[in-house]
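# Fold and contact review
Residue-level listing of the chains:
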Amino acid sequence: MSRDGVRFGVNLMPPLWAGEEPESGPGLMARRRRLLDRMAASGLDHVMVGDHVVFHGGIGNDGLADTASVVTAREDLDVYLAVYLLSLRHPLLVARQLVTVAQFAPGRLSLGLGIGGDDRREVIACGVDPATRGRRMNESLGLLRRLLAGEEVSHDGEFFALDRVAIRPVPEPGIPLVVGGRSDAALRRAGRLGDGWLGIWTSAARCADAIAAVTGHAAEAGRTGVDWRHGMTFWCGFGASDAEARRQVAPVMEGLYRTPFDRFESYVPRGTAADIAEFVAPYVLAGCTTLNFIPFAGRAEAAIDAVAEVREILKGNL
């Protein structure tokens, strides 16, 4: 794989998600402009945007609404929405929203898709039985692919029914649909229905195994010539020492996920930019062409600069 094929992005986590005071209006817009300017100047490829409805007591940002705000703010940054909780939505409405956003940014949008579940109450609140998330996701993703390809779709399934429905205009180029998840079911879904696999909290060896499994599932389904978009998302802490870096990232993760940091520790790179680059390099060698970072380094600007430094180190060494 050419080193130029690896794309780097940063998640602009809303302050509220990190336990800070929420922003709105001119203050929020000024912050967004400042950070997007910094990302573009640093040579990063895309902004990563998250998605939640009512996560752990009400936290959330609608991923597609947030994506629209980013793609219209700058024309020199792509947007990677991940993971979008498709299993909580109707695929027809999602297809229309995606087409609308893509019209403002042809070729600049990638979509990572997940079934949710880090907070079961979020799934239940949206009227979805957690036990059906996987089947619902498979049916929804199959329909979404057909709708985004411009097909007239008639379908009578377990969860959705459509009668000669089409969405126009067809996005050109198409929107990559990348499947997130660590389960065997997610890997099958990625191989049979996705354009790639997106991992998180996974070792480099497990990442390589997952990519191989996705390729195998695609072959079993008769899919050939897929332009695979495999990737990884990394929470990370920057600092002169491991202890300093841990202080940056651990409290945020514990506050958001309501889980001790020890559970994530081995999958969260910490230290200097060189330390992070050393941690991430094996994932690139395993086949990842997209690297998403959720970085913490004191200030958001410092976190962006640190990821840009990781990018330069990796592109110089791979």
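### Focus on the overall build of the chain
- Broken down by element type, the chain carries 10 helices and 13 strands.
- For the chain, the spread of C-alpha atoms along the principal axes amounts to about 60 × 45 × 40 Å.
- For the chain, buried positions account for 51% of its 318 residues.
- Looking at the chain alone, contacts between residues at least 24 apart form 71% of all its contacts between residues at least 6 apart.
- With an accessible surface of roughly 13,800 Å², the chain has 50% of that area assigned to carbon and sulfur atoms.
- Here the chain carries 35 positive and 39 negative side-chain charges, and the mean point of each set is 2 Å from the other.

### Here we look at the side chain of asparagine 292
- For asparagine 292, the location among the structural elements is in strand S13 (residues 290–296).
- The buried category is assigned to asparagine 292, whose relative accessible area is 0%.
- Within the structure, the side chain of asparagine 292 is placed 3.5 Å from the side chain of threonine 233, a separation counted as a polar contact.
- Contacts of asparagine 292, omitting those with residues within four sequence positions, involve Gly9, His46, Met48, Tyr80, Leu198, Met232, Thr233 and Phe234.

### Remarks on the packing of helix H3 (residues 91–104) against helix H5 (residues 133–148)
- Their axes nearest at 9 Å, the elements H3 and H5 cross at an angle of 40 degrees. Judged by the angle between their axes, H3 and H5 are oblique. With respect to the hand of their crossing, H3 and H5 are arranged in right-handed fashion. On H5, the residues touching Pro91, Leu92, Val94, Ala95, Leu98 and Val99 of H3 are Ser140, Leu143, Leu144, Leu147 and Leu148.
- Grouping the constituent residues of the contact of H3 with H5 by class yields 10 nonpolar, 1 polar and no charged.

### Observations regarding the pattern of salt bridges
- In the structure shown here, the tally under the stated rule is 23 salt bridges.
- For arginine 31, the salt bridge identified is with glutamate 23, shortest N-O distance 3.5 Å.
- Under the relative-accessibility criterion, arginine 31 is labelled buried at 17%.
- Within the structure, one salt-bridge network assembled from shared partners comprises Asp242, Arg246, Asp262, Glu265 and Arg270.

### Examining the nonpolar core
- With 69 residues, the main nonpolar core has Met39, Leu98, Leu111, Leu144, Trp197, Leu291 and Phe293 as its most contacted residues.
- Broken down by element, the residue count for this core peaks at 7 residues, all from helix H9 (residues 273–286).
- Apart from residues lying up to four places away in sequence, leucine 291 is in contact with Val6, Arg7, Phe8, Gly9, His46, Met232, Phe234, Val280, Val284 and Leu314.
- Counting residues in hydrophobic clusters, the runner-up holds 17 residues, among them Ile59, Trp235, Met253 and Phe261.

### Let's talk about the pairing of strand S8 (residues 161–165)
- Note: strand S7 (residues 153–156) against S8, 3 bridges, orientation antiparallel. In the strand pairing of S8, aspartate 156 is matched with alanine 161.
- Connecting the antiparallel pair S7 and S8 is a turn made up of 4 residues.

### Remarks on the packing of aromatic side chains
- Across all of its chains, the model carries 12 aromatic pairs by this definition.
- Judged by centre distance (5.8 Å) and plane angle (65 degrees), the rings of tryptophan 235 and tyrosine 257 are edge-to-face. Taken together, the residues tryptophan 235 in strand S11 (residues 231–238) and tyrosine 257 in helix H8 (residues 242–257) connect sequence positions 22 residues apart.
- Through pairs of rings, three or more aromatic residues link up here, namely Phe55, Trp201, Trp235, Tyr257, Phe264 and Phe296.

### Things to note about the pairing of S11
- The buried fraction of S11 is high, at 8 of 8 residues.
- Every second residue of S11 is oriented toward a common face, with Gly231, Thr233, Trp235 and Gly237 on one face and Met232, Phe234, Cys236 and Phe238 on the other, all of them buried.
- As paired strands, S11 and S13 are joined by 7 bridges and run parallel to one another. For threonine 233, the partnering residue across the bridge sits in S13 and is asparagine 292.
- Sheet analysis places S11 next to strand S12 (residues 270–271), joined by 2 bridges and oriented parallel. Each residue of the ladder has a partner; that of phenylalanine 238, found in S12, is glycine 271.

### What about the state of the cysteines?
- Tallied over the full model, the rule gives 0 disulfides.
- Between cysteine 207, a free cysteine, and cysteine 288, which holds the nearest cysteine sulfur, the sulfur-to-sulfur gap is 3.5 Å.
- Owing to a relative accessible area of 0%, cysteine 207 belongs among the buried residues under this scheme.
- What makes cysteine 288 buried here is its relative accessible area of 0%.

### Section: the environment of isoleucine 124
- Structurally, the position occupied by isoleucine 124 is in helix H4 (residues 120–125).
- Note on isoleucine 124: relative accessible area 49%, which makes it partly exposed.
- Along the primary structure isoleucine 124 and methionine 232 are separated by 108 residues, whereas in three dimensions their C-alpha atoms are 28 Å apart.

Reading guide: rules and limits
- Residues numbered from 1 in each chain as written.
- Predicted model: local features only at pLDDT ≥ 70, side-chain atom pairs only at ≥ 80, totals over all residues.
- Heavy atoms only, no water.
- Helix = DSSP H or I, 4+ residues; strand = E, 2+ residues; numbered from the N terminus.
- Buried < 20%, exposed > 50% of the residue type's maximum accessible area, 1.4 Å probe, protein only.
- Contact = heavy atoms within 4.5 Å.
- Areas by Shrake-Rupley, 256 points an atom, 1.4 Å probe, with all protein chains shown as cover.
- Lys, Arg positive; Asp, Glu negative; His and termini not counted.
- Charge placed at Lys NZ, Arg CZ, Asp CG, Glu CD.
- Polar contact = N/O pair within 3.5 Å; in protein donor to acceptor, adjacent residues only side chain to side chain.
- Axes fitted to C-alpha atoms, helices over the stretch in contact; angles between N-to-C directions.
- Parallel < 35°, antiparallel > 145°, perpendicular 65-115°, else oblique.
- Left-handed = near helix turned anticlockwise from the far one by under 90°.
- Nonpolar A, V, L, I, M, F, W, Y, C, P; charged D, E, K, R; others polar.
- Salt bridge = Lys/Arg side-chain N within 4 Å of Asp/Glu carboxyl O.
- Core = buried A, V, L, I, M, F, W, Y, C linked by side-chain atoms within 4.5 Å.
- Pairing = 2+ DSSP bridges.
- Phe/Tyr/Trp six-rings, centres within 6.5 Å; stacked < 30°, edge-to-face > 60°.
- Disulfide = S-S within 2.5 Å.

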